[in-house]
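Summary of the model geometry
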Amino acid sequence: MSQGRTDTASGGRLSHFLDSPVIGMSPWIAMSVLVGPGRFELAVAIALALAVAIVIVGRIRRPGSSFKILEIADVVFFAVMAVIGIFASPGTHRWLENYSGEVANIALMTIALGSMACRVPFTLQYAREQVPREFWGEPRFLRTNYYITGAWGAAFAVAAIAGAYGDLVLHNSNNPWTGWIIQIAAIIAALQFTQWYPDVVRARSLRERGLPGPPEPPLSSLLIPLAGYLTPVGIVVLVSGAGPVWLGVALIVLGIVLVKSLSREKEAEPEVSR
């Protein structure tokens, strides 16, 4: 019996993940993280394969469902990038290797801001698949999706600025800080906010209506993964020489200390809420 419940819970988590806007952004995340000198074809190929797979899986899981803004943008953008890469001149190809990461980041930021300007934030289509229809018109539901879509737009804006600084100012597309560390940190922050904030809104809504439900997740739930990210960053600094030894050691220690402190705060929160 317990195994059956575990399987059901696992299936529920998988279904929730597949219905999340994170799935639609996975090709962009892959492109942002993988692209660089000598890796343009690989990054585009993986991003395009992910985009096509998302569309196919979505139609299999929900036959007859409409295409999402992000699904269409995924396939079109990365198909165009693949075609340009095939026919590009050597000079254009070198430019793409250096700057296609920033182009992808700016493109998704534009999609996020554009969908908000059109009053259809792209996360809304994913959220409607997880929330009963009677809640779709509620201001709280719409506002939540504006915030989440805005968080992703901000994350990819940070990634674009970091990548551009590495390329244009440092003249080093493989700089660990601008090419990897900062960009991944922005994505982790957006991922965590996407998971954390709807639970906060849901808990507040239940409490305001006097209905039972889980307590509002504490801020520590949002911050623990970001704090934990400091430790691998410190290791990267030590291994790659991306900074002085003292900085790498400090980041490792700070990450461990913060995770322990925030974890204790998270464990104590339900007792306080009750």
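Criteria and cut-off values
In every chain, residue numbers begin from 1 and rise along the written sequence. In keeping with the predicted nature of the model, local features appear solely for residues at pLDDT of at least 70, side-chain atom pairs appear and are counted solely at 80 or more, and the whole-chain, interface and lining totals rest on all residues. Hydrogens and waters are ignored; side-chain quantities use all the structure's heavy atoms. A fitted line through C-alpha atoms represents every axis, and for helices the fit uses only the stretch in contact; the resulting angles, taken between N-to-C directions, go from 0 to 180 degrees. Segments assigned H or I by DSSP are reported as helices when at least four residues long, segments assigned E as strands when at least two residues long, and all are numbered from the N terminus. Each angle gets one of four labels, with under 35 degrees taken as roughly parallel, over 145 as roughly antiparallel, 65 to 115 as roughly perpendicular, and the rest as oblique. Points on a 1 Å grid over protein atoms alone make up a cavity when a 1.4 Å probe fits among them but cannot get out, and a pocket when they form an open set with protein on both sides within 12 Å along at least five of seven lines; lining residues each have an atom within 4 Å of a point. Grid points are joined across faces, edges and corners, and a volume is the space filled by probe spheres set on the points. Each residue gets one of three labels, nonpolar for Ala, Val, Leu, Ile, Met, Phe, Trp, Tyr, Cys and Pro, charged for Asp, Glu, Lys and Arg, and polar for the others, Gly among them. One speaks of a salt bridge when a side-chain nitrogen belonging to Lys or Arg is within 4 Å of a carboxyl oxygen belonging to Asp or Glu. Relative accessibility under 20% of the residue-type maximum defines a buried residue, over 50% an exposed one, and the middle range a partly exposed one, all with a 1.4 Å probe and only protein chains included. Ring pairs are drawn from Phe, Tyr and Trp, using the six-membered ring of Trp, whenever the two centres fall within 6.5 Å, and their geometry is named by plane angle: stacked under 30 degrees, edge-to-face over 60, tilted for the rest. Comment: the charge-over-ring label is applied if NZ (Lys) or CZ (Arg) is within 6 Å of the ring centre and within 35 degrees of the ring normal. UniProt positions are given in the numbering used here, feature names are shortened, and annotations may be inferred rather than shown by experiment. Contact criterion: two residues are considered in contact whenever any of their non-hydrogen atoms come within 4.5 Å of each other. Expected helix span is given by 1.5 Å per residue-to-residue step, counting one fewer step than there are residues. Note on bend: at a given residue it equals the angle between the axes fitted to the 7 residues ending there and to the 7 starting there.

1. Looking at the packing of helix α7 (residues 139-169) against helix α8 (residues 176-208)
Closest axis-to-axis distance for the α7/α8 pair is 9 Å, and the angle between their directions is 170°. Our classification of the angle between α7 and α8 gives roughly antiparallel.

2. Description of the layout of surface pockets
By volume, the largest pocket is sized at about 790 Å³. What lines the largest pocket is a set of 27 residues, among which Val 131, Phe 141, Pro 198, Asp 199 and Arg 202 lie closest to the centre. If one sorts the elements of the lining of the largest pocket by residue count, α8 sits on top with nine residues. Within the lining of the largest pocket, the residues separate by chemical class into 13 nonpolar, nine polar and five charged.

3. So, the pattern of salt bridges
Applying the stated criterion to the full structure yields six salt bridges. The partner of Glu 71 in a salt bridge is Arg 59, and the shortest N-O contact between them spans 3.2 Å. Here Glu 71, found in helix α4 (residues 69-87), pairs with Arg 59, found in helix α3 (residues 40-61); they are twelve residues apart in sequence, far enough to count as distant. The exposure class of Glu 71 is buried, given its relative accessible area of 3%. The salt bridge involving Glu 208 is made with Arg 140; its shortest N-O contact spans 2.5 Å. Of this pair, Glu 208 sits in helix α8 while Arg 140 sits in helix α7, and the two are 68 residues apart along the sequence. Here the salt bridges share partners, and the residues they tie into one network are Arg 204, Arg 207 and Glu 216.

4. Regarding empty space enclosed by the protein
Within the structure shown, the criterion is met by one cavity of 30 Å³ or more. For the largest cavity, the calculated volume is near 150 Å³. Lining the largest cavity are 19 residues; nearest its centre among them are Val 35, Glu 102, Ser 173, Gly 179 and Gln 183. When contributions to the lining of the largest cavity are tallied by element, the ones reaching two or more residues are α2 (21-34), α5 (90-117), α7 and α8. Considering each element in turn, the lining of the largest cavity owes the most residues, five residues, to α5. Among the residues making up the lining of the largest cavity, the classes are represented as three nonpolar, twelve polar and four charged.

5. Some remarks on the packing of aromatic side chains
The tally for this structure, following the rule as stated, stands at nine aromatic pairs. Both rings, one in Phe 193 and one in Tyr 197, keep their centres 5.1 Å apart while their planes meet at 10°; by these two values the pair is stacked. Within this pair, Phe 193 and its partner Tyr 197 are both found in helix α8, separated by four residues, close to a single helical turn. Tyr 197 shares its class with Phe 193; the two are buried. Through successive ring pairs, a cluster of aromatic residues spans Tyr 147, Phe 193, Trp 196 and Tyr 197. It is Arg 59 that lies over the ring of Phe 67; its NZ or CZ is 4.6 Å from the centre.

6. Some thoughts on the UniProt feature "transmembrane region" (unreviewed entry) in the protein chain
When the UniProt feature table is mapped to this numbering, "transmembrane region" (unreviewed entry) covers residues 42-60, 72-91, 103-124, 145-165, 177-198, 219-239 and 245-263. The span residues 72-91 carries 90% helix and 0% strand; its end-to-end C-alpha distance comes to 29 Å. Along residues 103-124, the helical share is 77% and the strand share 0%, with 24 Å between the first and last C-alpha atoms.

7. With respect to the environment of Gly 166
Structurally, Gly 166 is set in helix α7. Each C-alpha atom, one on Gly 166 and one on Trp 177, is 8.3 Å from the other, the two residues being eleven residues apart in sequence. What Gly 166 contacts, discounting residues up to four positions off in sequence, is His 171, Asn 172, Ser 173 and Thr 178.

8. Here we look at α5
With 28 residues, α5 extends 38 Å from end C-alpha to end C-alpha; this agrees with the ideal 40 Å at 1.5 Å per step. Of all the bends in α5, the greatest, near 60°, is centred on Tyr 99. Where α5 terminates, the next one or two residues include Arg 119, which has phi positive at roughly 65°.

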